[in-house]
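Architecture at a glance
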Amino acid sequence: MLGVEAEKEIIKIPLSDSTISRRIINISEDIEEQVIEVIKSGELFALQVDESTDIKLSGTTTGRDIFDVINKYFKNYGISWTSCVSICTDRAPSMTGSIKEFITIAKNQNPNINTTHCFLHREALVAKSIVDELKIVLDEVLCESMESDHYTLIIHTEVRWLSKGRVLSRFYELREELLVYFTMEQMEYSDYLSDEFWCSKLAYLADIFEHLNQLNLSMQGENQNLLISTDKMTAFKGKLLIWKRRVNDNNLDMFPLTANTKFTDKIIPIINDSKTLLDQRLVHYFSSLDLKLFDWVRNPFNPSLETTHLSLKEKEELAKLKNDRTLQMKFNEFELSQFWIYTKKEYPNLTKLAHSVLLTFSTSYFCFE
């Protein structure tokens, strides 16, 4: 593709295992050094911590073990806990709780550290809330009740629990082909797939998990923060209310697979029970989603903002900033994070507070990417 001359140049490149390994290590070390420099050059930083995916924890994973690993790393590179504004964790037992646990130990170093529970973990816990009649179907599709050798391959960790949604969709798409195969092999699945009401429940599971998967994916990746993820969860709550009304009107157009089944009249009561449980779990795991106190971060030029929680200096700087017409024009030109970097010199106190909000991770996505 590149021509003979390019081929000759490529051949000159040594490609032994040791050479490739060494280059990978060199690249990794260079990236790490760059990240460390960025952290040390800035005033604040935030952490994502997930002990279930940390390869540096070779033994036990108590809160003290986790803190010791991170603290040793900080000391090696001259990073101070006083610059840490927040820690996002998976909320596993070793991460929170007694004084020995990680969060408590970290707060002994810096009492001002805020903590957040990963939105992806919380959403996965919400998604696990399934009424018994649907859970039976889910277990049957995923081989859980049949002691299949493939079960542990399908679901290898709880944090990736929503991979079940992809299995459900693919299983439903191939249900006719699978029915033929299982019938020929005289396997138990043929009884399930020949039951159209069972298939209706499977269709609903595939539909609702598709929505949950989309929500989960929307909170992954770069440039996510607490404000954005909160907006997405609040929007999903709003969708559930709309869906509830439409289901009560016998309208299932938001669940296309379910709408095309023959037993919609029998599946609707199950959907209602399922949605009630889903609502309850959302309230339980996302009870504190009201971030009106941070509306000034989203738009400091809004005339009606809640500012009672701000200090005197922060209020004074906000009053000055709101009347800065040059910044008003810049606000429309910049991304939100860029805008609050631009304000640092003239509005240091307010900017630092805004940075602490925007730096806070809403997920531990990069820990298990």
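Parameters and conventions
Residues numbered from 1 in each chain as written. Predicted model: local features only at pLDDT ≥ 70, side-chain atom pairs only at ≥ 80, totals over all residues. Heavy atoms only, no water. Buried < 20%, exposed > 50% of the residue type's maximum accessible area, 1.4 Å probe, protein only. Helix = DSSP H or I, 4+ residues; strand = E, 2+ residues; numbered from the N terminus. Pairing = 2+ DSSP bridges. Patch = residues over 30% accessible without salt bridge, like charges linked within 9 Å, V, L, I, M, F, W, Y side chains within 5 Å. Areas by Shrake-Rupley, 256 points an atom, 1.4 Å probe, with all protein chains shown as cover. Salt bridge = Lys/Arg side-chain N within 4 Å of Asp/Glu carboxyl O. Axes fitted to C-alpha atoms, helices over the stretch in contact; angles between N-to-C directions. Parallel < 35°, antiparallel > 145°, perpendicular 65-115°, else oblique. Left-handed = near helix turned anticlockwise from the far one by under 90°. Contact = heavy atoms within 4.5 Å. Nonpolar A, V, L, I, M, F, W, Y, C, P; charged D, E, K, R; others polar. 1 Å grid on protein atoms, 1.4 Å probe; cavity = no way out; pocket = protein on both sides within 12 Å on 5 of 7 lines; lining within 4 Å. Points joined across faces, edges and corners; volume = space filled by probe spheres on them. pLDDT = per-residue confidence, 0-100. Core = buried A, V, L, I, M, F, W, Y, C linked by side-chain atoms within 4.5 Å. Disulfide = S-S within 2.5 Å.

Observations concerning the pairing of strand E2 (residues 84-89)
Most of E2 sits inside the fold, with six of its six residues counted as buried. Across five bridges, strand E1 (residues 45-49) lies against E2 in parallel orientation. Looking across to E2, one finds that Phe45 is bridged to Cys84. In this sheet, strand E3 (residues 114-117) lies alongside E2 in parallel orientation, the contact comprising four bridges.

Some details on a nonpolar patch on the surface
Taken together, the side chains of Ile27, Ile31 and Val35 present a nonpolar region at the surface, about 270 Å² in accessible area. Its location among the elements puts Val35 in helix H2 (residues 17-41). Judged by its relative accessible area of 43%, Val35 is partly exposed.

Details of the packing of helix H5 (residues 119-127) against helix H14 (residues 264-285)
Running from amino to carboxyl end, H5 crosses H14 at an angle of 150 degrees, the nearest separation of the two axes being 9 Å. One way to sum up the angle between H5 and H14 is to call them roughly antiparallel. Between H5 and H14 lies a crossing whose hand is right-handed. Only Leu278, Arg281, Leu282 and Tyr285 of H14 make contact with H5, whose side of the interface consists of Arg122, Leu125 and Val126. Of the residues assigned to the contact of H5 with H14, the class counts are five nonpolar, no polar and two charged.

Side note on empty space enclosed by the protein
If you roll a probe as big as a water molecule over the atoms, it shows you where there is empty space left. Evaluated as defined, the whole model comprises two cavities of 30 Å³ or more. As a volume, the largest cavity reaches approximately 70 Å³. Taken together, Ala127, Ser129, Ile130, Leu134, Leu205, Ile208, Phe209, Leu212, Ser274 and Leu278 make up the lining of the largest cavity. Looking at the lining of the largest cavity, the elements with two or more residues in it are helix H11 (196-218) and H14. With four residues, the top contributor of residues to the lining of the largest cavity is H11.

Some words on unusual backbone geometry
Positive phi outside glycine occurs at Gln186, with the angle close to 55 degrees. Mapping Gln186 onto the fold places it in the loop between helix H9 (175-184) and helix H10 (189-193). Taking the relative accessible area as the measure of exposure, Gln186 reaches 75% and is therefore exposed. Within the chain, Asn250 stands out as a residue other than glycine whose phi angle is a positive 60 degrees. For Asn250, the location among the structural elements is in the loop between helix H12 (226-248) and helix H13 (256-259).

Considering the sheet that holds E2
Spatially, three strands are ordered E1-E2-E3 in an open sheet, and the strand pairing comes out parallel. Either end of the sheet is taken by a strand with one partner, and the two such strands are E1 and E3. Pairs of neighbouring strands in the sheet enclose a mean axial angle of 20 degrees, with direction left out of account.

Description of H5
Burial analysis of H5 places eight of its nine residues in the buried class, which makes it a mostly covered element. Among all positions of H5, only Phe119, Leu120, His121, Arg122, Glu123, Ala124, Val126 and Ala127 are buried.

Considering the confidence of the model for the chain
Across the chain, the average pLDDT comes to 84, with 85% of residues at 70 or higher. Low pLDDT (under 50) marks residues 145-159, which in the prediction has 16 contacts with non-local residues, meaning those over four places away or in another chain.

Section: the nonpolar core
Counting 68 residues, the largest nonpolar core has Trp198, Phe255, Trp296 and Trp340 as the members making the most contacts within it. Examining the composition of this core, we find that 12 residues originate from one element, H11, more than from any other. Here Trp340 is in contact with Trp296, Val297, Pro300, Leu321, Leu350, Thr351, Ala354, His355 and Leu358, once residues within four sequence places are set aside.

What about the state of the cysteines?
As enumerated under the stated definition, the model contains zero disulfides in all. Cys88 forms no disulfide, and the closest cysteine sulfur to it belongs to Cys118, at a distance of 5.0 Å.

Structural notes on the layout of surface pockets
For the second largest pocket, the calculated volume is near 790 Å³. Along the wall of the second largest pocket there are 30 residues; nearest its centre are Asn225, Ser337, His355, Leu358 and Leu359. Contributions of two or more residues to the lining of the second largest pocket are made by H12, helix H18 (336-342) and helix H19 (348-359). In terms of residue count, H19 provides more of the lining of the second largest pocket than any other element does, six residues in total. Here the residues of the lining of the second largest pocket are counted per class, giving 11 nonpolar, 12 polar and seven charged.

Description of the packing of helix H6 (residues 132-141) against H11
The geometry of H6 relative to H11 is characterised by a closest axis approach of 10 Å and an angle of 90 degrees between their N-to-C directions. For the element pair H6 / H11, the angle class is roughly perpendicular. Between H6 and H11, the contacting residues are Glu133, Leu134, Val137, Leu138, Glu140 and Val141 on the first element and Phe197, Trp198, Lys201, Leu202, Tyr204 and Leu205 on the second. By residue class, the composition of the contact of H6 with H11 is nine nonpolar, no polar and three charged.

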